[in-house]
Amino acid sequence: MAIKTYKPYTPSRRFMSNLSSSDITAKASVRKLLVKLPVTSGRNNNGRITSRHKEGGAKKLYRVIDFKRNKYSIEGRVQAIEYDPYRNCRIALVSYKDGEKRYILQPNGLGVGDIVLAAEEGLDIRVGYAMKLRAIPIGTIVHNVELYPGAGGQIARSAGASMQIMGREGKYTILRMPSGEMRYILSECMATIGVVGNADFANISIGKAGRNRYLGVRPQTRGSAMNPVDHPHGGGEGKTGSSGHPVSPWGMPTKGYKTRRKKASDKLIISRRKK
């Protein structure tokens with residue numbers, strides 16, 4: 001997909017870039033698949049900020065995505081490719097033979113008019129087809145992979161993401177995660193063939209602070225610019241370096257400090273992600 005640049009008629013436009021929307025075939029979404037999500041702006045039920053640097057952002061409606069791909073053995077045809085304001089990849093509107101319509105993540109190479117199918121096993125290895133990991137050959141590239149059978153895809157859902165099936169051992173399938181981590185996942189979990197599309201999203205330059213505000217991101221103030229009462233890095237005359245290791249506002253060491261606790265799922269991780 002082409003990266004679109006702009007004439008620098010303002011300073012912020014000089015380095016701004018965006019994705020071409022030439023691949024989008026439908027501007028209007030299916031109304032019954034749209035949901036208005038509440039906007040919390042990082043505040044809890046008491047109105048206190050519990051997640052910093054968040055705001056409402058631009059108004060948008062959530063598209064209900066079929067992450068489970070549990071419409072087995074019913075052929076669907078891609079009717080349109082659409083923009084989704086809640087994710088960085090495109091979504092495909094699939095119309096099934098029984099009349100139902102669902103949104104799925106658009107894998108790279110899936111276009112309008114293509115057939116998609118889901119089954120527990122026994123399908124061809126084609127982009128957009130979904131089946132259980134036990135039925136997919138070793139070496140296949142997949143995305144939208146479940147962690148627990150029937151829970152819906154949770155891994156490799158963002159633009160350009162994919163996983164590779166590396167082998168099998170007992171009731172588990174060995175997969176290489178997008179991070180490079182190798183782990184076991186139950187072979188009864190569903191996965192979709194292919195790589196998530198819109199990989200050029202990683203090459204976009206935001207260009208100006210205002211675009212982050214549209215996305216619901218508020219500015220972040222450096223700790224060294226605060227007073228001592230507000231941050232451990234605050235205070236001092238002029239610009240001063242942090243005394244000791246850099247820490248968060250609550251004193252937790254940052255920049256490389258390991259915060260992950262031991263989890264029951266650690267035994268399913270074969271090797272950690274690459275440093």
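Quick caveat: nothing in here was measured; it's all calculated off a predicted structure.

S.K.: Lay out the overall build of the chain in plain terms, naming residues and giving numbers.
M.R.: What the chain contains, in helices and strands, is 1 helix and 17 strands. In terms of principal-axis extent, the alpha carbons of the chain reach across some 70 × 50 × 40 Å. In the chain, which comprises 275 residues, the share counted as buried stands at 36%. Long-range pairs, those at least 24 residues apart, make up 55% of the contacts in the chain between residues at least 6 apart in sequence. A total of about 16700 Å² of accessible surface is found on the chain, and carbon and sulfur atoms cover 51% of it.

S.K.: Break down the sheet that holds strand 7 (residues 101-105) for me, with residues and values.
M.R.: The 4 strands lie next to each other as 7-6-5-8, forming an open sheet whose pairing is antiparallel. Of all the strands in the sheet, just strand 7 and strand 8 (115-116) have a single pairing partner and so form its edges. In this structure, strand 6 (residues 91-96) lies alongside strand 7, joined through 5 bridges in antiparallel fashion. By the bridge assignment, Ser-95 is partnered in strand 7 with Lys-101.

S.K.: Now, about the side chain of Ser-95: what can you tell me, with residues and values included?
M.R.: One can find Ser-95 in strand 6. By relative accessible area, Ser-95 is classed as buried at 18%. Once residues lying within four places of it in the same chain are set aside, the contact partners of Ser-95 are Glu-75, Gly-76, Arg-77, Gln-79, Glu-100 and Lys-101.

S.K.: Let's hear about the environment of Gln-154: which residues, and what values?
M.R.: If you trace the backbone, Gln-154 turns up in strand 12 (residues 153-155). With relative accessibility at 44%, the residue Gln-154 sits in the partly exposed group. On a C-alpha basis, the gap between Gln-154 and His-143 in space is 9.2 Å, while along the polypeptide they are 11 residues apart.

S.K.: How would you sum up the sheet that holds strand 13 (residues 163-169)? Please name residues and give values.
M.R.: Read across the sheet, 7 strands follow the order 9-16-10-13-14-15-17 without closing on themselves; strand pairing throughout is antiparallel. Pairing within the sheet leaves two strands with one partner each, and these edge strands are strand 9 (130-132) and strand 17 (269-271). Averaged over all neighbouring strand pairs, the angle between strand axes comes to 45 degrees, with direction disregarded. Alignment of strand 15 (residues 182-186) against strand 17, held across 2 bridges, turns out to be antiparallel. Bridge pairing in strand 17 links Met-182 to Ser-271.

S.K.: Give me the lowdown on a nonpolar patch on the surface, citing residues and values where you can.
M.R.: Together, Tyr-214, Leu-215 and Val-217 give the surface a local cluster of nonpolar side chains, amounting to about 300 Å² of exposed area. Mapped onto the secondary structure, Val-217 falls in the loop between helix 1 (209-214) and strand 17.

S.K.: Let's hear about the nonpolar core: which residues, and what values?
M.R.: Nonpolar side chains tend toward joint burial in soluble globular proteins. Grouped together as the largest cluster of nonpolar side chains are 21 residues, with contacts concentrated most on Leu-133, Ile-136, Val-142, Val-145, Met-163, Leu-175 and Ile-185. Counting 13 residues, the second largest nonpolar core, distinct from the first, contains Ala-26, Leu-33, Ile-91 and Leu-93.

About the cut-offs
Residues numbered from 1 in each chain as written. Predicted model: local features only at pLDDT ≥ 70, side-chain atom pairs only at ≥ 80, totals over all residues. Heavy atoms only, no water. Helix = DSSP H or I, 4+ residues; strand = E, 2+ residues; numbered from the N terminus. Buried < 20%, exposed > 50% of the residue type's maximum accessible area, 1.4 Å probe, protein only. Contact = heavy atoms within 4.5 Å. Areas by Shrake-Rupley, 256 points an atom, 1.4 Å probe, with all protein chains shown as cover. Pairing = 2+ DSSP bridges. Axes fitted to C-alpha atoms, helices over the stretch in contact; angles between N-to-C directions. Patch = residues over 30% accessible without salt bridge, like charges linked within 9 Å, V, L, I, M, F, W, Y side chains within 5 Å. Salt bridge = Lys/Arg side-chain N within 4 Å of Asp/Glu carboxyl O. Core = buried A, V, L, I, M, F, W, Y, C linked by side-chain atoms within 4.5 Å.

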